[in-house]
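Below, each chain spelled out in residue letters.
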Amino acid sequence: MKKMAVVYWSGTGNTEQMAEAVFQGAKEAGAEAELFQVGQFSAKSVEDFDVVIFGCPSMGAEVLEEAEFEPVYEACKGKLSGKTLGLFGSYGWGDGEWMRDWEQDVLQLGALLPQGYLILNETPDQEGLEECKNYGKNLAG
Ligand SMILES: Cc1cc2nc3c(=O)[nH]c(=O)nc-3n(C[C@H](O)[C@H](O)[C@H](O)COP(=O)(O)O)c2cc1C
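First things first, this report covers the structure right here in the doc. Quick caveat, the model's predicted, so the values are computed rather than measured.

Calculation criteria
Residues numbered from 1 in each chain as written. Predicted model: local features only at pLDDT ≥ 70, side-chain atom pairs only at ≥ 80, totals over all residues. Heavy atoms only, no water. Phe/Tyr/Trp six-rings, centres within 6.5 Å; stacked < 30°, edge-to-face > 60°. Buried < 20%, exposed > 50% of the residue type's maximum accessible area, 1.4 Å probe, protein only. Helix = DSSP H or I, 4+ residues; strand = E, 2+ residues; numbered from the N terminus. Axes fitted to C-alpha atoms, helices over the stretch in contact; angles between N-to-C directions. Parallel < 35°, antiparallel > 145°, perpendicular 65-115°, else oblique. Left-handed = near helix turned anticlockwise from the far one by under 90°. Contact = heavy atoms within 4.5 Å. Nonpolar A, V, L, I, M, F, W, Y, C, P; charged D, E, K, R; others polar. Near = heavy atom within 4 Å. Polar contact = N/O pair within 3.5 Å; in protein donor to acceptor, adjacent residues only side chain to side chain. Areas by Shrake-Rupley, 256 points an atom, 1.4 Å probe, with all protein chains shown as cover. Salt bridge = Lys/Arg side-chain N within 4 Å of Asp/Glu carboxyl O. Pairing = 2+ DSSP bridges.

Some words on the packing of aromatic side chains
Throughout the structure, instances matching the rule amount to nine aromatic pairs. Taking the centre distance of 5.1 Å and the plane angle of 65° together, the rings of Phe36 and Phe41 count as edge-to-face. Here the two residues Phe36 and Phe41 agree in accessibility, since each one is buried. Plain terms: the ring middles of Phe69 and Trp102 are 5.6 Å apart, the flat faces sit at 85° to each other, and that makes the pair edge-to-face. Placement of Phe69 in helix 2 (residues 69-76) and of Trp102 in helix 3 (residues 97-108) is noted, with a sequence separation of 33 residues between them.

Here is the structure:
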């Protein structure tokens, strides 16, 4: 059984809804999944999971949220080489630049991103939540 962590930050709840659906999908696919708000996670925890799925919306000007999410993610970076990851998040008026940059960052660290990333505009609709579930399922498979 795969051990999976879904680790997220969300300001207004959109990425949180995505995180919950990704987590549900992983569990339905039979993974031993845990859901963490980013403050509950640390670099040390990376080793405890086969797959780590990070979620953070586009903030600032096309960057990760800097006060809470980024410090934890930065601390995890040293543990991500060879690790299977997922990346997801919600965005607003942009074109997903923050996620393209984030994808490049994890690939440069040597992490694996077998299902690519998943982004949704603002509040997820039913179809979006299904996409999130499937993303979690596929990473569990
Ligand atoms: C301070 C702030 C900065 C933001 N910066 C961006 C941005 O650079 N690009 C973008 O597409 N959306 C931006 N947004 C919009 C959020 O990414 C969007 O509303 C998202 O759905 C928020 O997700 P959350 O509910 O998980 O916090 C910003 C929102 C806030 C509050």
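Some words on the packing of helix 1 (residues 14-28) against helix 4 (residues 126-140)
The geometry of helix 1 relative to helix 4 is characterised by a closest axis approach of 7 Å and an angle of 45° between their N-to-C directions. Here helix 1 is positioned oblique relative to helix 4, judged by the angle of their axes. Along this stretch, helix 1 crosses helix 4, giving a crossing that reads as right-handed. Each of Gln17, Met18, Ala21, Val22, Gln24, Gly25, Ala26 and Glu28 in helix 1 lies in contact with helix 4, whose residues at this interface are Leu129, Cys132, Lys133, Tyr135, Gly136, Lys137 and Ala140. The residue makeup of the contact of helix 1 with helix 4, split by class, is eight nonpolar, four polar and three charged.

Details of the site of the ligand
Looking at the ligand, there are 18 residues lining it, with Ser10, Gly11, Thr12, Ser58 and Ser90 nearest. Contact distances for the ligand include 2.4 Å between an oxygen atom and a side-chain N or O atom of Thr12. Within the backbone of Gly92, one N or O atom sits 3.0 Å away from an oxygen atom of the ligand. Compared with its free state, where it exposes 640 Å², the ligand has 81% of that area covered by protein. Contributions of two or more residues to the shell around the ligand are made by helix 1 and strand 4 (84-91).

Remarks on the pattern of salt bridges
If you walk through the whole model with that rule in mind, you get six salt bridges. For Lys77, the salt bridge is made with Glu74, and the minimal N-O distance between the two is 3.3 Å. By relative accessible area, Glu74 is classed as partly exposed at 40%. One network of salt bridges, in which partners are shared, links Glu28, Lys133 and Lys137.

Digging into the side chain of Ser58
Tracing the sequence through the fold places Ser58 in the loop between strand 3 (51-55) and helix 2. Engagement of the side chain of Ser58 in a polar contact is seen with the side chain of Glu62, the distance being 3.4 Å. The residues touching Ser58, leaving out its near neighbours within four places in the chain, are Val63, Ser90, Tyr91 and Trp98.

What about the sheet that holds strand 3?
The parallel open sheet is built from five strands, whose spatial order is 2-1-3-4-5. A single partner strand is all that each edge strand has here, and the edge strands are strand 2 (32-37) and strand 5 (117-121). On average, each strand axis in the sheet is tilted by 15° relative to the strand beside it, whichever way the strands run. Helix-sheet contacts for helix 1 involve strand 1 (3-8), strand 2, strand 3, strand 4 and strand 5, and the interaxial angle to strand 4 is about 145°. Running over the sheet, helix 3 touches strand 3, strand 4 and strand 5 and is turned about 165° from strand 4.

Don't take any of this as a statement about function, it's just geometry.
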